[in-house]
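# Tertiary structure, described
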Amino acid sequence: MRIILDTDPGVDDALAIMYLAAQEDAEIVAVGSVHGNVPSPLAAQNALRVIELVGIDAPVAVGAARPLAQPLQTAEFVHGADGLGGRAGAAPRGKPVSESAAEQLVRLARAEPGELTLLALGPLTNIALAVLLEPDLPKLLRSVVVMGGAVSAPGNITPYADANFFHDPEAADLVLGAGFGDLTLVGLDATEQARAGDEWLTAVRTLPGARAEFANGLLEHYAGFYSQMFGTRGCTLHDPLAAAIMLDPKLATYRELSLAVELTGTHTRGQVLSDQRPIASDAYITSTAGAGRVPVRVAETVDVPRFLEQMYEALKVS
Ligand code: RIB
Ligand code: CA
């Protein structure tokens, strides 16, 4: 699978890149950074740091510096000031390319129509910009996997929204309504099941090698945040699960829903909206948000033991 990665590393983004680097059937063709966990330029530096660590040779393009229609908000309180749990280390050897992440995405999609899969692990600003630059993008990409949203689950950064959709609701709504024929949404409904607990963290801590050492530094910080927030030792592997589902869809079950994103709610901006009424008939109001949109495949249940095993095996690779 040839993949364009759009990402805001970010601790779990970095773990997702490490997961992909260990998969023989995954080739990261290009990376785009986006604001979210950290500002976009730092996200690009961190993407370079991680791909250099795991031996991925791919261009990194700096993406959108801020959301489409709100001020920049970042999440260093989760991922650390350097975005990598204080483990960023030395500057990367490489430099970002000159084109933007959205331009890179459009250029590659046009160059290889029907061949590339987009994995979006941050706010969807770059993807939205790419759709505005190239309205045929939904036809040019082979498939899209998005980590973001919460369809029938609570949010995380707010009670109603996950961080990726909260950080750019307009972009998320534009992408979900753009007509991508093969879009899988791996939202908190699925990722909140992907909890790495104390036993798994302890097992990973015994792994040798530079990659495992770096991953353990990330996990130590991430689990520390979760333990402080929730009182239990562990952390949620949002982005690695989305990467794993992209390569192995049988890890999850799905339902198809037409989705929209709340843009005007005082408290609910970023919330995912869908019409889940059992029978939508003329007796009911049917002009709901998302009505008439191409349905999206929403991940629901997850084979968590198999995913955690795959993630553990990926971190054994040196
Ligand atoms: O809500 C979780 C998502 O927001 C993950 O992608 C995490 O990295 C943050 O970007
Ligand atoms: Ca992310």
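In what follows, the accompanying structure is described.

Rules and cut-offs
Residues numbered from 1 in each chain as written. Chains lettered and ligands numbered in written order. Predicted model: local features only at pLDDT ≥ 70, side-chain atom pairs only at ≥ 80, totals over all residues. Heavy atoms only, no water. Helix = DSSP H or I, 4+ residues; strand = E, 2+ residues; numbered from the N terminus. Rg over C-alpha atoms; globule rule 2.2 N^0.38 Å. Contact = heavy atoms within 4.5 Å. Lys, Arg positive; Asp, Glu negative; His and termini not counted. Charge placed at Lys NZ, Arg CZ, Asp CG, Glu CD. Near = heavy atom within 4 Å. Polar contact = N/O pair within 3.5 Å; in protein donor to acceptor, adjacent residues only side chain to side chain. Areas by Shrake-Rupley, 256 points an atom, 1.4 Å probe, with all protein chains shown as cover. Nonpolar A, V, L, I, M, F, W, Y, C, P; charged D, E, K, R; others polar. Donors = N, O, S within 2.8 Å, 3.2 Å for Na, K, Ca; no water. Buried < 20%, exposed > 50% of the residue type's maximum accessible area, 1.4 Å probe, protein only. Axes fitted to C-alpha atoms, helices over the stretch in contact; angles between N-to-C directions. Parallel < 35°, antiparallel > 145°, perpendicular 65-115°, else oblique. Left-handed = near helix turned anticlockwise from the far one by under 90°. Core = buried A, V, L, I, M, F, W, Y, C linked by side-chain atoms within 4.5 Å. Pairing = 2+ DSSP bridges. Phe/Tyr/Trp six-rings, centres within 6.5 Å; stacked < 30°, edge-to-face > 60°. Lys NZ or Arg CZ within 6 Å of the ring centre and 35° of its normal.

## Notes on the overall build of the protein
When its secondary structure is counted, the protein shows 13 helices and 12 strands. Relative to the 2.2 N^0.38 estimate, which gives 20 Å for 318 residues, the radius of gyration of the protein is 18 Å and therefore close to what a compact globule would have. Each principal axis of the C-alpha distribution contributes one length, and for the protein these read about 60 × 45 × 35 Å. When contacts within the protein are restricted to residue pairs at least 6 apart in sequence, long-range pairs at least 24 apart make up 82% of them. If the 22 positive side-chain charges of the protein are averaged to one point and the 38 negative ones to another, these points end up 2 Å apart.

## Some words on the site of ligand 1
Near ligand 1, the surroundings consist of Asp-8, Asp-12, Asp-13, Asn-37, Leu-121, Met-147, Asn-156, Asp-162, Ala-163, Asn-164, His-238 and Asp-239. The contact in question runs from an oxygen atom of ligand 1 to an N or O atom on the side chain of Asn-37, over 3.0 Å. Contact with the protein chains covers 97% of the free accessible surface of ligand 1, which is 270 Å². Among the secondary structure elements, those contributing two or more residues to the shell around ligand 1 are helix H1 (11-21), helix H7 (163-166) and helix H12 (238-247). Its residues assigned to classes, the shell around ligand 1 comprises 3 nonpolar, 4 polar and 5 charged.

## Looking at the coordination of the calcium ion (ligand 2)
Each protein donor to the calcium ion (ligand 2) is listed here as Asp-8 (OD), Asp-13 (OD), Asp-13 (OD), Leu-121 (O) and Asp-239 (OD); together their distances run 2.2 to 2.6 Å. Sequence spacing among the residues donating to the calcium ion (ligand 2) works out to D-x4-D-x107-L-x117-D. Taken together, the residues Asp-13 in helix H1 and Asp-239 in helix H12 connect sequence positions 226 residues apart. Taken individually, Asp-13 and Asp-239 each receive the classification buried, so the pair is uniform in this respect.

## Thoughts on the environment of Ile-51
You can see Ile-51 is positioned in helix H2 (residues 40-54). For the pair formed by Ile-51 and Ala-21, sequence separation is 30 residues and the distance between their alpha carbons is 8.2 Å. Sequence-distant contacts of Ile-51, that is, excluding residues within four places in its chain, are made with Ile-17, Ile-56, Ala-58 and Val-60.

## Some words on the packing of H1 against H2
Axis separation between H1 and H2 bottoms out at 10 Å; the angle between their running directions is 30 degrees. Between H1 and H2, the interaxial angle falls into the category roughly parallel. You can see that H1 and H2 cross each other, and the crossing is right-handed. In this structure, H1 contributes Ala-14, Ile-17, Met-18 and Ala-21 to the contact, and H2 contributes Val-50, Ile-51, Leu-53 and Val-54.

## Remarks on the nonpolar core
For soluble globular proteins, nonpolar side chains are generally found buried alongside one another. Counting residues in each nonpolar core, the largest one holds 69 residues, and the members touching the most others are Leu-15, Met-18, Leu-20, Leu-119, Trp-200, Leu-237 and Phe-307. The element that contributes the greatest number of residues to this core is helix H11 (residues 210-230), accounting for 9 residues. Filtering out sequence-adjacent residues up to four positions away, Leu-15 remains in contact with Ala-215, Leu-218, Leu-219, Leu-237, Pro-240 and Met-311. Core analysis: the next-biggest nonpolar cluster, separate from the first, contains 36 residues, Val-29, Ala-30, Leu-185 and Val-272 among them.

## Observations regarding unusual backbone geometry
Backbone geometry follows two general trends: most residues other than glycine have a negative phi, and most peptide bonds adopt the trans configuration. Cis peptide bonds are those with omega within 30 degrees of zero, and the linkage from Pro-9 to Gly-10 qualifies with -25 degrees. Here Gly-10 is to be found in the loop between strand S1 (2-7) and H1.

## Quick notes on H12
Within H12, 10 of the 10 residues are buried, which leaves it mostly tucked inside the rest of the structure. The complete set of buried residues in H12 reads His-238, Asp-239, Pro-240, Leu-241, Ala-242, Ala-243, Ala-244, Ile-245, Met-246 and Leu-247.

## What to know about the environment of Pro-113
Mapped onto the elements of the fold, Pro-113 is located in the loop between helix H4 (101-111) and strand S4 (116-120). Each C-alpha atom, one on Pro-113 and one on Leu-141, is 6.3 Å from the other, the two residues being 28 residues apart in sequence.

## Examining the pairing of strand S12 (residues 296-302)
Residues in a regular strand point their side chains to alternate faces of the sheet. Here strand S6 (residues 183-186) pairs with S12 via 2 bridges, running parallel. Within S12, the position partnered with Leu-185 by the bridge is Val-298. Of the strand pairs in this sheet, strand S9 (residues 252-257) and S12 are connected by 5 bridges, and their pairing is antiparallel. In the strand pairing of S12, Glu-256 is matched with Arg-297.

## Thoughts on the packing of aromatic side chains
Scanning the model with the defined rule gives 4 aromatic pairs in all. Pairing Tyr-222 with Tyr-226 gives two aromatic rings, centres 5.0 Å apart and planes at 85 degrees, and the pair type is edge-to-face. Of the two residues, Tyr-222 and Tyr-226 both sit in helix H11, 4 residues apart, roughly one turn of that helix. The rings of Phe-77, Tyr-222, Phe-225, Tyr-226 and Phe-230 are connected pair by pair, giving a single aromatic cluster. Positioned above the aromatic ring of Phe-230 is the side chain of Arg-195, whose terminal nitrogen or guanidinium carbon lies 5.7 Å from the ring centre.

## Some points on the sheet that holds S12
Pairing in this open sheet of 8 strands is mixed, and the strands run S3-S2-S1-S4-S5-S6-S12-S9 from one edge to the other. The open sheet has two free edges, formed respectively by strand S3 (60-61) and S9, since each of these has just one partner strand. The pairing of strand S5 (residues 143-147) with S6 spans 4 bridges and is parallel. The residue of S6 that forms the bridge with Val-144 is Leu-183.

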